[in-house]
Amino acid sequence: QVQLVESGGGLVQAGGSVRLSCAASGRTFSRRAMGWFRQAPGKEREFVAAITWSGGGLYYADSVKGRFTISRDNDKSTVYLQMNSLKPEDTAVYYCAADRLELVAYVSTSQSQYAYWGQGTQVTVSS
């Protein structure tokens with residue numbers, strides 16, 4: 001089992017930056033790929049970014065590529081999402097999630113691949 005707790009959200013002006021953290025408990029964090037998803041009001045939850053268990057593989061949604069950076073620290077059992085050049089359309093609840101499988105060499109953009117989810121943290125970008 002993996003328990004996930006996100007933090008770091010808040011209100012930021014357009015063009016600003018925010019770093020989200022997702023702290024994990026459980027022994028298997030370091031062997032699981034991790035993903036960030038987001039859900040804007042009235043919209044479905046969508047993929048944002050993912051990172052392999054080793055940190056060597058990264059993948060981003062086109063809408064955030066070049067602005068967001070995902071990283072992880074397996075010693076601290078934490079995954080991060082650095083968000084720069086924020087836009088009002090980035091406003092959403094952001095969720096981190098852990099892969100249902102261990103030691104997978106690839107990352108998935110599909111929510112069904114992720115078995116463990118945090119409670120989410122709100123990011124609001126004002127114009």
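Residues numbered from 1 in each chain as written. Predicted model: local features only at pLDDT ≥ 70, side-chain atom pairs only at ≥ 80, totals over all residues. Heavy atoms only, no water.

Colleague: Describe the pairing of strand β7 (residues 68-73), and please don't skip the residues or the numbers.
Modeller: Where burial is concerned, the two faces of β7 differ: the one with Phe68, Ile70 and Arg72 is buried and the one with Thr69, Ser71 and Asp73 is not. In the sheet, β7 pairs with strand β8 (residues 78-83) via six bridges, with the strands oriented antiparallel. Opposite Asp73, over in β8, you have Thr78 as the bridge partner. Adjacent in sequence and paired antiparallel, β7 and β8 are bridged by four residues, among which Ser77 carries a positive phi angle near 50°. (Buried < 20%, exposed > 50% of the residue type's maximum accessible area, 1.4 Å probe, protein only. Helix = DSSP H or I, 4+ residues; strand = E, 2+ residues; numbered from the N terminus. Pairing = 2+ DSSP bridges.)

Colleague: With reference to specific residues and values, describe unusual backbone geometry.
Modeller: Even without being glycine, Ser77 reaches a positive phi, approximately 50°. Inspection of the secondary structure assignment puts Ser77 in the loop between β7 and β8.

Colleague: Tell me what's going on with the state of the cysteines, and back it up with residues and numbers.
Modeller: Using the criterion set out here, one finds one disulfide in the structure. For Cys22, the disulfide goes to Cys96, at an S-S distance of 1.9 Å. On the sign convention where negative means left-handed, the S-S torsion of about 50° between Cys22 and Cys96 marks this disulfide as right-handed. Pair noted here: Cys22 is in strand β3 (residues 18-25) and Cys96 is in strand β9 (residues 92-99), with a separation of 74 residues, a long-range link. Taken as a pair, Cys22 and Cys96 share a single burial class, namely buried. (Disulfide = S-S within 2.5 Å.)

Colleague: Now, about the side chain of Asp99: what can you tell me, with residues and values included?
Modeller: Relative to the elements of secondary structure, Asp99 occurs in strand β9. As a buried residue without a salt bridge, Asp99 has its nearest oppositely charged side chain in Arg100, at a separation of 5.9 Å. In this structure the side chain of Asp99 is engaged in a polar contact, spanning 2.8 Å, whose partner is the side chain of Gln113. When neighbours within four sequence positions are excluded, Asp99 is seen to be in contact with Arg32, Ala33, Gln113, Tyr114, Ala115 and Tyr116. (Lys, Arg positive; Asp, Glu negative; His and termini not counted. Salt bridge = Lys/Arg side-chain N within 4 Å of Asp/Glu carboxyl O. Polar contact = N/O pair within 3.5 Å; in protein donor to acceptor, adjacent residues only side chain to side chain. Contact = heavy atoms within 4.5 Å.)

Colleague: Account for the side chain of Arg72, naming residues and giving values.
Modeller: Among the structural elements, Arg72 can be located in strand β7. For the buried Arg72, no salt bridge is present, and the opposite-charge side chain at shortest range is Asp73, 8.2 Å distant. At 2.9 Å, the side chain of Arg72 and the backbone oxygen of Thr52 are in polar contact. Looking at Arg72, its side chain comes within polar contact range of the side chain of Asn74, at 2.7 Å. Leaving out residues up to four positions away in the same chain, Arg72 has contacts with Phe29, Ser30, Arg32, Ala33, Met34, Ile51, Thr52, Trp53, Gly55, Thr78, Val79 and Tyr80.

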